[in-house]
Amino acid sequence: MGFARTCSVALVGVEGVVVEVQADLEPGVAAFSLVGLPDKSLTESRDRVRAAVVNSGADWPQKKLTVGLSPASVPKSGSGFDLAVAVAVLGAAERIDPKEIADLVMIGELGLDGRVRPVRGVLPAVLAAAEAGYHQVVVPEQTAAEAALVPGISVLGVRSLRQLIAVLTGAEVPEEEEREKGRPDPMLSGLMVPGAGAGTGLAIGDGEGSGPDLADVAGQREARTALAVAAAGRHHLLLHGPPGAGKTMLAERLPAILPPLTRQESLEVTAVHSVAGILPPGEPLVRTPPYCAPHHSATMQSLVGGGNGLPRPGAVSLAHRGVLFLDEAPEFSGRALDSLRQPLESGHVVVARSAGVVRLPARFLMVLAANPCPCGRHTLHGAGCECPPSVIRRYQARLSGPLLDRVDLRVGVEPVQRADLMGQGGRGDSTETVAGRVREARERAAARLEGTPWTTNSEVPGHELRTRWQVAPGALGAAERDMDRGLLTARGLDRVLRVAWTVADLAGRDRPDVRHVDLALELRTGIARGASELIGVGP
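What comes next is a walk through the structure. Note that the structure is predicted; figures quoted are calculated from it, not measured. (Residues numbered from 1 in each chain as written. Predicted model: local features only at pLDDT ≥ 70, side-chain atom pairs only at ≥ 80, totals over all residues. Heavy atoms only, no water.)

Topic: the overall build of the chain
Consideration 1: Helices and strands together make up the secondary structure of the chain, namely 24 helices and 17 strands.
Consideration 2: Buried positions account for 51% of the 539 residues belonging to the chain.
Consideration 3: Look at the contacts in the chain between residues 6 or more apart in sequence, and 73% of them connect residues 24 or more apart.
Consideration 4: Total accessible area computed for the chain in this model is approximately 23700 Å², and 50% of it derives from carbon and sulfur atoms. (Helix = DSSP H or I, 4+ residues; strand = E, 2+ residues; numbered from the N terminus. Buried < 20%, exposed > 50% of the residue type's maximum accessible area, 1.4 Å probe, protein only. Contact = heavy atoms within 4.5 Å. Areas by Shrake-Rupley, 256 points an atom, 1.4 Å probe, with all protein chains shown as cover.)

Right, here's the structure in full:
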């Protein structure tokens, strides 16, 4: 009787569970059994593994073969177990020393000819292996750079099963045929899900400043001020106004003024994109905040996550540490919009399905864009809006009160005047200038919040802002009066406090005073209080 074991990783959402792959050979009629809650694609690995082993020059054992995936209670899916199954079988057949593979973690799909094909989710799988105490992983050559992002892990990238057998047995490693330059690589097809990025409106900046410039937006001083405040404190933003005023232009320029991702944030974002199948080949690490703009016909499942079996990341997770832009927000279904309320508060989304419960990261900056009515001309004088008042009320009510209460900044975007459009009023500050101010404000907030679990003002609980970090005496007078009149809820007052601290950070002040709170109230309620000049954003 022969027995061998090695390890692989099962992904549950964007978290990994190390799975022990055991192979047992017993005398009897030749058969191949795979147990341990495999799905259809994993069950089919029996035929893939057998053909790959034979075509790699090794003998297939003609005995009763049982391969077990432990823990058996965890559902396993995908083709990433092929490599571990093949090596465990060869270890049980004593073609490979079982001691050499016991502490190895192997991830990869096998082709019938023995080539090792890349799979999605390598980064979170290797992260799970590192957290479990493993130090050596074997992955397909195309994803070796992605696996090497995890510190403290020795990564071996292989092209074929033949190469891996040679490495494990100490034989000479055979050279695999090189792909001709200029020809497409069919091996990369396993990394990218067709249409996944396009279907969500996902875009990732290149970090070289080649994107659209904020100075190109004509006029809209208040909206550009709100954009800087949103970026500095990671506050959610609503832009409402008639069509053609520049709402989409403003939202598209927001990711460029956000600070670059930290190393930990980059790993989080890259892990989500790797699982979703939208990580570009050759770009193993996402360094800039992502921008996700789903169409208004998106379902609730496509926003928060879903799919057959275990849920897959939705738009809120793809926008993790970046921007989620919902253009024509009132056109989204009510269920889809209300499903955003939980991740807006917690920074993650918990999706429960019959196959299991998955926790997905979803700490994003939400930007909503809305027209005043179905035709968009309600606020324009002499534009001929024919929408009945009841239709306008129903249209505006599609953005529910509980959802809007979680939006810190609500700014009206007015039609651009001819003088602004022709450049007679001068250009506003460039993306580079505003990004510098935002970076300084983030650094000031991080220094103040050092030693706490929070990094931006939007994350700080209201109780801490009212007791630990207090504003200047008398600064909250206007906010308290608005609360007494019913214009602000208790949550709204806390959010005004958070915005006031962000405004003070942008202005270089140690704590908010009356003017900073007035600007925070103006950005939330839309009522002019004469404080819009505090933050310079150009004409």
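Re the pairing of strand β11 (residues 237–240)
Along any regular strand, the residues point their side chains to alternate faces of the sheet.
Consideration 1: Here β11 runs beside strand β16 (residues 365–370); their pairing, made up of 4 bridges, is parallel. Bridge pairing links Leu239 to Ala369 in β16. (Pairing = 2+ DSSP bridges.)

Side note on helix α20 (residues 431–448)
Consideration 1: End to end, α20 covers 26 Å across 18 residues, agreeing with the expected 26 Å (1.5 Å per residue, within 8%).
Consideration 2: Regarding α20, the residues found buried are Thr431, Val434, Ala435, Gly436, Val438, Ala441, Arg442, Ala445 and Arg448.
Consideration 3: On the buried face of α20, the contacting elements are α9 (221–233), α11 (254–257) and α23 (490–507). (Expected span 1.5 Å × (residues − 1).)

Quick look at the packing of aromatic side chains
Consideration 1: In total, this model carries 3 aromatic pairs according to the counting rule given.
Consideration 2: Ring plane angle 20 degrees and centroid distance 6.3 Å describe the contact between Tyr291 and Phe325, whose orientation is recorded as stacked. A residue pair is termed long-range when its members are at least 10 positions apart, and Tyr291 in strand β12 (residues 290–292) and Phe325 in strand β13 (residues 323–326) qualify at 34 residues.
Consideration 3: On the basis of relative accessibility, which here comes to 11%, the residue Tyr291 falls in the buried class. (Phe/Tyr/Trp six-rings, centres within 6.5 Å; stacked < 30°, edge-to-face > 60°.)

Brief notes about unusual backbone geometry
Consideration 1: Pro71 follows Ser70 through a cis peptide bond whose omega is 10 degrees.
Consideration 2: The residue Pro71 is located in the loop between β4 (64–70) and α3 (82–92) in this model.
Consideration 3: Of note in the backbone geometry, Arg321 takes a positive phi value of approximately 65 degrees without being a glycine.
Consideration 4: Take Arg321: it is sitting in the loop between α14 (315–318) and β13.
Consideration 5: Here the phi dihedral of Glu328 falls at roughly 50 degrees; this positive angle occurs in a residue that is not glycine.
Consideration 6: Considering the arrangement of structural elements, one finds Glu328 in the loop between β13 and α15 (334–338).

Considerations on the packing of α3 against helix α7 (residues 161–169)
Consideration 1: Two numbers describe how α3 lies on α7: the axes approach to 12 Å, and their chain directions differ by 45 degrees. Considering the angle they form, α3 stands oblique to α7. For the pair α3 and α7, the sense of crossing is right-handed. Residues Leu83, Ala86, Val87 and Leu90 of α3 touch α7, and the partners they reach there are Leu161, Leu164, Ile165 and Leu168.
Consideration 2: Grouping the constituent residues of the contact of α3 with α7 by class yields 8 nonpolar, no polar and no charged. (Axes fitted to C-alpha atoms, helices over the stretch in contact; angles between N-to-C directions. Parallel < 35°, antiparallel > 145°, perpendicular 65-115°, else oblique. Left-handed = near helix turned anticlockwise from the far one by under 90°. Nonpolar A, V, L, I, M, F, W, Y, C, P; charged D, E, K, R; others polar.)

Focus: the packing of α20 against α23
Consideration 1: Remark: α20 packs on α23, axes separated minimally by 8 Å, with the N-to-C direction vectors making an angle of 115 degrees. Handedness of the α20/α23 crossing: right-handed. Each of Arg437, Val438, Ala441, Arg444, Ala445 and Arg448 in α20 lies in contact with α23, whose residues at this interface are Trp501, Asp505 and Leu506.

Points about the environment of Asn457
Consideration 1: The topology assignment puts Asn457 in the loop between α20 and α21 (462–467).
Consideration 2: Taking relative accessible area as the criterion, Asn457 reaches 4% and is therefore assigned buried.
Consideration 3: Sequence separation between Asn457 and Gly233 is 224 residues; the distance between their C-alpha atoms is 5.2 Å.
Consideration 4: Each residue touching Asn457, except ones within four places of it in the same chain, is listed here: Gly233, His235, Ala445, Arg448, Leu449, Arg498, Trp501, Thr502 and Asp505.
Consideration 5: Among the polar contacts listed, one links the side chain of Asn457 to the side chain of Arg448, at a separation of 2.7 Å.
Consideration 6: At 3.1 Å, the side chain of Asn457 forms a polar contact with the side chain of Asp505. (Polar contact = N/O pair within 3.5 Å; in protein donor to acceptor, adjacent residues only side chain to side chain.)

Comments concerning the pairing of strand β2 (residues 15–26)
Consideration 1: The sheet contact formed by strand β1 (residues 2–12) and β2 spans 11 bridges and is antiparallel. Paired with Ala10 across the strands is Val17, a residue of β2.
Consideration 2: Counting the residues between successive antiparallel strands, the hairpin from β1 to β2 contains 2 residues, one of them, Gly13, with a positive phi of roughly 70 degrees.
Consideration 3: Two strands pair when backbone bridges link them, and β2 and β4 are joined in this way by 7 bridges, in the antiparallel orientation. Along β4, the bridge assignment pairs Leu25 with Leu65.

Read these as spatial facts, not as claims about activity.
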